[in-house]
Amino acid sequence: MTHPSLGSFRRVLAARGEQGDRPYGTPGTGGPSCSPREILRRLRGAVPGCPLLSHPEELRPYECDGLTAYRQIPLAVAIPESVAQVQEILRVCRTLRVPVIPRGAGTGLSGGALPNRSGLVLSMTRFRKILAVDPLNRTARVEPGVTNRAISEATSPFGLFYAPDPSSEVACTIGGNIAENAGGLHCLKYGLTVHNVLSVKILTAEGEWLVLGSEAYDAAGFDLLALLIGSEGLLGVVVEATVRLLPRPPLARLIVAAFPSVESASTAVGKLIGEGFAPAGLEMMDNLAIRAAEAFVHAGYPVEAAALLLCEFDGGPEEVDDQIELAEKRLRESGADFLRSSSSEEERLLLWKGRKSAFPAAGRMAPDYYCMDGTIPRRSLPEALLRIARLSEEFRLPVANVFHAGDGNLHPLILYDASHPHELQQAERLGRRILELCVELGGVITGEHGVGVEKLGSMCLQFRAPELAQFHRIKEAFDPDGILNPGKAVPLLHRCAELGAMHVHQGALPFPEIERY
Amino acid sequence: MSLQDQDLTDALAGEVRRAYDSGTPLSLVGGETKPFLGRSVTGRRLPLGEHRGILRYEPTELVLTARAGTPLSQIHGLLASQDQWLPFEPPSFGASATLGGTIACGLSGPARPFTGAARDFVLGVRLLDGRGEVLRFGGEVIKNVAGYDVSRFVTGAQGTLGIFLEISLKVSPRPPTSATLVWEEAPETAVRRLCRLAAEPFPLSAACHDGERLFLRLSGSKAGVQAAANRIGGERLAEPELFWQSVRERTHPFFARPGPLWRLSVPPATQPPVPGAGTPFIDWAGAQRWWKGSIEPAALWEWARSRGGHATLLDAGRSCLQPLEPALLSLHRRLKASFDPKGILNPGRLYDQL
Ligand SMILES: Cc1cc2nc3c(=O)[nH]c(=O)nc-3n(C[C@H](O)[C@H](O)[C@H](O)COP(=O)(O)OP(=O)(O)OC[C@H]3O[C@@H](n4cnc5c(N)ncnc54)[C@H](O)[C@@H]3O)c2cc1C
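Just so it is clear, the structure is predicted and the values come from calculations on it, not from any experiment.

*Asks:* What is the right way to look at the domain arrangement of chain B in this model?
*Replies:* Quoted interface sizes are often the accessible area lost when the parts come together. Residues and elements named next belong to chain B. Annotation of chain B at the domain level lists domain 1 (9-173) and domain 2 (177-314). Once you take the C-alpha centre of each, domain 1 and domain 2 turn out to be 27 Å apart. Between domain 1 and domain 2 the total buried area reaches about 1,200 Å² when both faces are included, carbon and sulfur atoms providing 64% of it. By the criterion of area lost to domain 2, the three top residues of domain 1 are Phe93, Pro110 and Phe114, representing 46% of everything that side buries. Put simply, Glu89 and Arg217 hold a salt bridge, and the shortest N to O gap is 2.9 Å. The interface formed by domain 1 and domain 2 holds four residue pairs in polar contact (both at pLDDT 80 or more) in total. Residue composition of the side of domain 1 that touches domain 2, by class: ten nonpolar, four polar and two charged.

Right, here's the structure in full:
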């Protein structure tokens, strides 16, 4: 991550002011019913032992998440350590109509944890306990502030691991993963967060304690767990989770294959998947990303290659060696002119290192970068990359591509310099065009980073008014007062109308009778 | 029933709008193979089986989209022609089973603990809500976090939240080799043995215990399956397909025993016994158990709840799900109302007043 320096941050704010761009997401409380001082007094009274930050210097670290272009100082930050404290905080905030913004590690890339000026940031980082590991049931019960990596570390003595592995795994929390339905390098085989969580305990905005899912593989009634996972902190505060663990495969091996063209690499992806290979991960990097990564970590990538595929297999040694041999053959047939397969764990980790440090490596090529997250059907990979290259020329901003090729999840990194006037807006415009392209190709605007505040506008491309209205009704069923994370994830209907981005059929807005609030 | 592919979206939407206007409850009917999974619904019959047809399927994309009335058998056939399958191995309970009914009931077969449940493979849906409005959620791509995950949420709701029009599923290549191992195992040690095996990195794809013997299915590459089979031991079962089919379709002799059938969904390591007499049939490597017998439902519900799971009585027309805690029930009602404000879609199929 590049965190723009303070200087560049001021420029960013200035740029935003010019643009006059305010997010208009999920409706909120309409604002607190009393003064900031009174709110702080009431909160201190309700949770006396709980740290409550309210000085500007203390609040500064919370002003943004991993999407640093959006910043806002909150009214206060509470850092509770017990569920009872969270419950009290929610009660006070509901009574006083103070927005509550749950926050994990703040690594989110769509502004999901962006504070609200008159709201409270509810930091869950003190909920750091792994409550139980159950090797026979293959589950771990954890508090929401536990980091993703910590779960696999705690369970590895049992030969088990927690499969979703976002690149931010050392820092991001399971609460944040649940809120975003985080993916990872190996979700091609092991699925996303939604496939690996059995149950969560939440507090609703009303302070009610609910268990969604169960310790078994399903629960009676509606699949509320599926609804909560990926709900970006809008439906409830996660206070505990039971995650599913898998036996750690005895062996993993990685193939790095270089291709003379993006097309041949994309064809190889389709071929591997279509022929029944089940790689644990299948990643792709384009030339700009390869060069940046190689200069940064010297993983031994061929810097002349137009595209690189990283293809990992894991499982029993017989199975893995079989697959590697066959995959190497297919990759060669698809035009790979360089192949290297790991023959030791050190080699595998070195070969991954370039891919894993692609973001910081990109960060060294330009003062700032903006990471996009659209998904497309795999067959459209060559077209998508070609058209992104054209857009990059049109906007005169370099774009490096490093992404989850196996599931068509693109991560174009738009390189820019926020100190140049208008470059941030240019980058954002380019980003929106890329998301438009994803939708046009039959894909979606976000594969794993969420909508947050960043993609509110792009949501209007993907959904029509009736679906957006249904999303708002779901929010109301959980949080009638709009306390939790208002302004995020789902655009107001009038916002879409303003943007003119709503699907307009034959010159008429769909469902004109629906109120555009 | 005509076998033509046809798009009945407009007609169905019209029916629902009329029912909405007049407040008439609708009883949704696909292939009519699964009435025993829920309570009987009093309402006007709305047949959905003629809204059928496979719309998109590209084997290299591993995604299939079909109208909800499409027969499940047609989908199985098409996938098999490309060496692919639905990895959640859904039961059909009859030749006329439809895709829509399968997903509405959230049905998964023996592979579920290892490959995932029906809802895990649902990528997107087009549905009619209780106002007769056509809504589209999700998509045809594997990764998608835009908006709430309504497609998975409505899976398993048995038509009480919306009527499926189209469903997009993730499909997979069929594993090239499978083998089923079998050995004698006492009920007392079966659960622990199953859990131990499932905690090892074997290529398992099904594991059950019929009260006397333990059955283990391995799937994957030839070398991988062979290596695991050698390590685990046991005998090779002849005609494994027939056996797993009988487990999946609930035609195994166990299901013919007298008494109503209970489904116990519990953490896999839950130790027997179940209250009441008789040995359960253990599937899903411990996580799904079938039990036959008469018992006060509250006793089994309490047993399942205290172990972190839930129990369902499956009895034609009178099926009973585990009762919901009051706070959860009221959330269910609010969500139901948000999709179906007049309560006309399969009212009472899951719970009273839902
Ligand atoms: C370098 C880098 C690499 C990344 N790589 C990946 C990747 O490979 N895959 C991927 O999916 N993401 C990736 N991300 C994005 C990010 O790490 C994930 O979205 C992660 O899940 C966020 O977790 P967090 O704890 O930082 O949450 P935060 O950023 O603090 O919050 C994210 C959202 O979750 C909500 N939230 C947090 N805690 C709770 C709770 N207890 N209850 C309710 N809501 C809560 C917040 O309100 C917010 O909406 C990456 C980010 C960075 C910076």
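*Asks:* When you look at the pairing of strand β4 (residues 63-67) of chain B in this model, what are you seeing that I'm missing?
*Replies:* Side chains on a regular strand alternate between the two faces of the sheet. Residues and elements named next belong to chain B. Counting buried residues in β4 gives five out of five residues, a clear majority hidden from the surface. Judged from the four bridges that link them, strand β3 (residues 54-58) and β4 form a sheet pairing that is antiparallel. Opposite Arg56, over in β4, you have Thr65 as the bridge partner. Linkage of β3 to β4, two consecutive antiparallel strands, is achieved through a turn of four residues, within which Leu62 is found at a positive phi near 60 degrees. With five bridges joining them, β4 and strand β8 (residues 163-170) adopt antiparallel strand pairing.

*Asks:* Please explain the site of the ligand as it appears in this structure.
*Replies:* All names here are of chain A. In the vicinity of the ligand lie 33 residues, with Pro102, Gly104, Thr107, Ser168 and Thr173 positioned nearest. The contact in question runs from an oxygen atom of the ligand to an N or O atom on the backbone of Gly176, over 3.3 Å. Considered on its own, the ligand offers 980 Å² of accessible surface; in the complex 96% of this is hidden by protein. The set of elements that each furnish at least two residues to the shell around the ligand consists of β3 (100-103), α6 (174-180) and β10 (237-244). It is α6 that contributes the most residues to the shell around the ligand, five residues altogether. Broken down by class, the residue content of the shell around the ligand amounts to 13 nonpolar, 16 polar and four charged. Both domains that meet at the shell around the ligand, namely domain 1 (6-123) and domain 2 (130-247), each give it at least three residues.

*Asks:* How do you make sense of the pairing of strand β10 (residues 177-184) of chain B when you look at a structure like this?
*Replies:* Residue and element names in this part refer to chain B. With eight bridges connecting them, β10 and strand β12 (residues 213-220) associate as antiparallel partners. The residue bridging Thr177 from the neighbouring strand is Gly220, located in β12. Examined bridge by bridge, β10 and strand β13 (residues 235-236) share two bridges and lie antiparallel to one another. Looking at the pairing, Val182 lines up with Glu235 of β13.

*Asks:* Looking at this model, I keep getting lost on the interface of chain B and chain A. Mind explaining?
*Replies:* Taken residue by residue, the interface counts 74 residues in chain B and 80 residues in chain A. The junction of chain B with chain A conceals about 6,300 Å² of combined surface from both sides, 61% of it contributed by carbon and sulfur atoms. Per-residue buried area on chain B facing chain A is highest for Lys143, Val145 and Tyr148 of chain B; these three make up 16% of the total on that side. The interface formed by chain B and chain A contains five salt bridges. The shortest N-O distance in the salt bridge between Arg379 of chain A and Glu58 of chain B comes to 3.0 Å. Remark: the boundary between chain B and chain A carries 25 residue pairs in polar contact (both at pLDDT 80 or more). At the level of elements, α4 (112-115), α5 (118-121), β7 (134-138), α6 (150-154), α7 (187-198), α8 (222-232), β14 (261-265) and α11 (326-339) of chain B are the ones that each hand at least two residues to the side of chain B that touches chain A.

*Asks:* What am I meant to see in the packing of aromatic side chains here?
*Replies:* Here the distance between the centres and the angle between the planes together describe a pair of aromatic rings. All chains considered together, the criterion is met by 18 aromatic pairs over all chains. Between the aromatic rings of Phe161 of chain A and Tyr190 of chain A, the centroid separation amounts to 5.6 Å while the plane-to-plane angle is 90 degrees, which identifies the pairing as edge-to-face. One end of the pair, Phe161 of chain A, is in strand β7 (residues 160-161); the other, Tyr190 of chain A, is in helix α7 (residues 187-190), and 29 residues separate them in sequence. Side by side, Phe161 of chain A and Tyr190 of chain A carry an identical accessibility label, which is buried. Judged by centre distance (5.0 Å) and plane angle (80 degrees), the ring pair of Phe463 of chain A and Phe471 of chain A falls under edge-to-face. With respect to class, Phe463 of chain A is no different from Phe471 of chain A; both count as buried. Cluster of aromatic residues (ring-pair linked, three or more members): Phe463 and Phe471 of chain A together with Phe137 and Tyr148 of chain B. Sitting above the plane of the Trp352 of chain A ring, Lys356 of chain A keeps its charged end 6.0 Å from the centroid. The ring of Trp284 of chain B has Arg112 of chain B lying over it, and the distance from NZ or CZ to the ring centre is 5.7 Å.

Cut-off values and rules
- Residues numbered from 1 in each chain as written.
- Chains lettered and ligands numbered in written order.
- Predicted model: local features only at pLDDT ≥ 70, side-chain atom pairs only at ≥ 80, totals over all residues.
- Heavy atoms only, no water.
- Domains from an automatic or database assignment.
- Buried area = accessible area lost by both parts, 1.4 Å probe.
- Salt bridge = Lys/Arg side-chain N within 4 Å of Asp/Glu carboxyl O.
- Polar contact = N/O pair within 3.5 Å; in protein donor to acceptor, adjacent residues only side chain to side chain.
- Nonpolar A, V, L, I, M, F, W, Y, C, P; charged D, E, K, R; others polar.
- Buried < 20%, exposed > 50% of the residue type's maximum accessible area, 1.4 Å probe, protein only.
- Helix = DSSP H or I, 4+ residues; strand = E, 2+ residues; numbered from the N terminus.
- Pairing = 2+ DSSP bridges.
- Near = heavy atom within 4 Å.
- Areas by Shrake-Rupley, 256 points an atom, 1.4 Å probe, with all protein chains shown as cover.
- Contact = heavy atoms within 4.5 Å.
- Phe/Tyr/Trp six-rings, centres within 6.5 Å; stacked < 30°, edge-to-face > 60°.
- Lys NZ or Arg CZ within 6 Å of the ring centre and 35° of its normal.

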